[in-house]
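Chain and residue survey
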Amino acid sequence: MIKINKKEGGSFQFMLKSNNGKTLLESITFTSENELDKTLKDIKELKDSNGKFFERRTNTDGKFLVELKNSFGKIIGSSGLYSSEAGMENGILNISNSIDKVTKLDRQ
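Rules used in this analysis
- Residue numbers here run from 1 along each chain, matching the order of that chain's written sequence.
- Residues qualify for local features only when their pLDDT is at least 70, as the model is predicted, and side-chain atom pairs are given and counted only at 80 or more; totals for whole chains, interfaces and linings, by contrast, use all residues.
- With hydrogens and water excluded, all non-hydrogen atoms of the structure serve as input to the side-chain values.
- Each salt bridge in this description consists of a side-chain nitrogen of Lys or Arg and a carboxyl oxygen of Asp or Glu lying within 4 Å of one another.
- Per the convention used, a helix needs a DSSP run of H or I reaching at least four residues, while a strand needs a run of E reaching at least two, with both numbered from the N terminus.
- The buried label applies to any residue whose accessible area, calculated with a 1.4 Å probe on protein chains only, is under 20% of its type's maximum; exposed applies above 50%, and partly exposed to all values in between.
- For this analysis, a ring pair means two rings from Phe, Tyr or Trp (six-membered ring only for Trp) whose centres lie within 6.5 Å, classed as stacked if their planes differ by under 30 degrees, edge-to-face if by over 60, and tilted for the remaining angles.
- Note: two strands are recorded as paired if DSSP finds a minimum of 2 bridges between them.
- Residues count as neighbours in contact if any of their non-hydrogen atoms are within 4.5 Å of one another.

What to know about the pattern of salt bridges
Going through the model one piece at a time under the given rule, you end up with 4 salt bridges. Of the charged contacts in the structure, one is a salt bridge between lysine 69 and glutamate 55, with a shortest N-O distance of 2.5 Å. One end of the pair, lysine 69, is in strand β5 (residues 64-69); the other, glutamate 55, is in strand β4 (residues 54-58), with 14 residues separating them in the sequence. Note that glutamate 89 is salt-bridged to arginine 56, the shortest N-O span being 2.7 Å. Of the two residues, glutamate 89 sits in helix α2 (residues 85-100) while arginine 56 sits in strand β4, which places them 33 residues apart along the sequence. Judged by its relative accessible area of 42%, arginine 56 falls in the partly exposed class.

And the structure:
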């Protein structure tokens, strides 16, 4: 599921959520709804690119995270932290499944 938030000043942000409501990934802030919509369309089309739009990272504390990139290579969202590489890979699978299921945008 995807949740769209309109922020103060007219900017937008999206969150990919699991079926149980857990936030899997939080996006950067977009200056317009049009920019947000183009980005969401882009990531849905990238879904079939064999995961090339995911960048796996480790922070300074040894925790793992995933950054989502658009077709231009710009980071557009980040996951929460995972304690293991296996957990991160499972997170990527969940994020991919959430992207697959995006059919209706929940705008608030």
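So, the packing of aromatic side chains
Taken as a whole, this structure holds 2 aromatic pairs when the rule is applied. Plain terms: the ring middles of phenylalanine 14 and phenylalanine 30 are 6.1 Å apart, the flat faces sit at 15° to each other, and that makes the pair stacked. Here phenylalanine 14, found in strand β2 (residues 12-17), pairs with phenylalanine 30, found in the loop between β3 (23-27) and α1 (33-46); they are 16 residues apart in sequence, far enough to count as distant. Per residue, the accessibility class of phenylalanine 14 equals that of phenylalanine 30, and both read buried.

Overview of the pairing of β3
Bridge count between β2 and β3: 3 bridges; the pairing is antiparallel. Counted as the bridge partner of leucine 16 is leucine 25 from β3. Counting the residues in the hairpin turn of β2 and β3 gives 5 residues, including glycine 21, whose phi is positive at 90°. The pairing of β3 with strand β6 (residues 75-79) spans 3 bridges and is classified as antiparallel. The residue bridging leucine 25 from the neighbouring strand is serine 79, located in β6.

Some remarks on the pairing of strand β1 (residues 2-6)
Summarising burial for β1: 4 of the 5 residues are buried, a large majority. Examined bridge by bridge, β1 and β2 share 5 bridges and lie antiparallel to one another. Pairing of lysine 6 across the sheet is with phenylalanine 12, part of β2. Between β1 and the antiparallel strand that follows it, β2, lie 5 residues; glycine 9 among them carries a positive phi value of about 85°.

What to know about the environment of threonine 39
Looking at the secondary structure, you find threonine 39 in helix α1. Sequence separation of threonine 39 and lysine 69 is 30 residues, and the distance between their C-alpha atoms is 9.8 Å. The residues contacting threonine 39, other than those within four sequence positions of it, are Phe30 and Ile76.

Function cannot be inferred from these measures alone, as they are strictly geometric.
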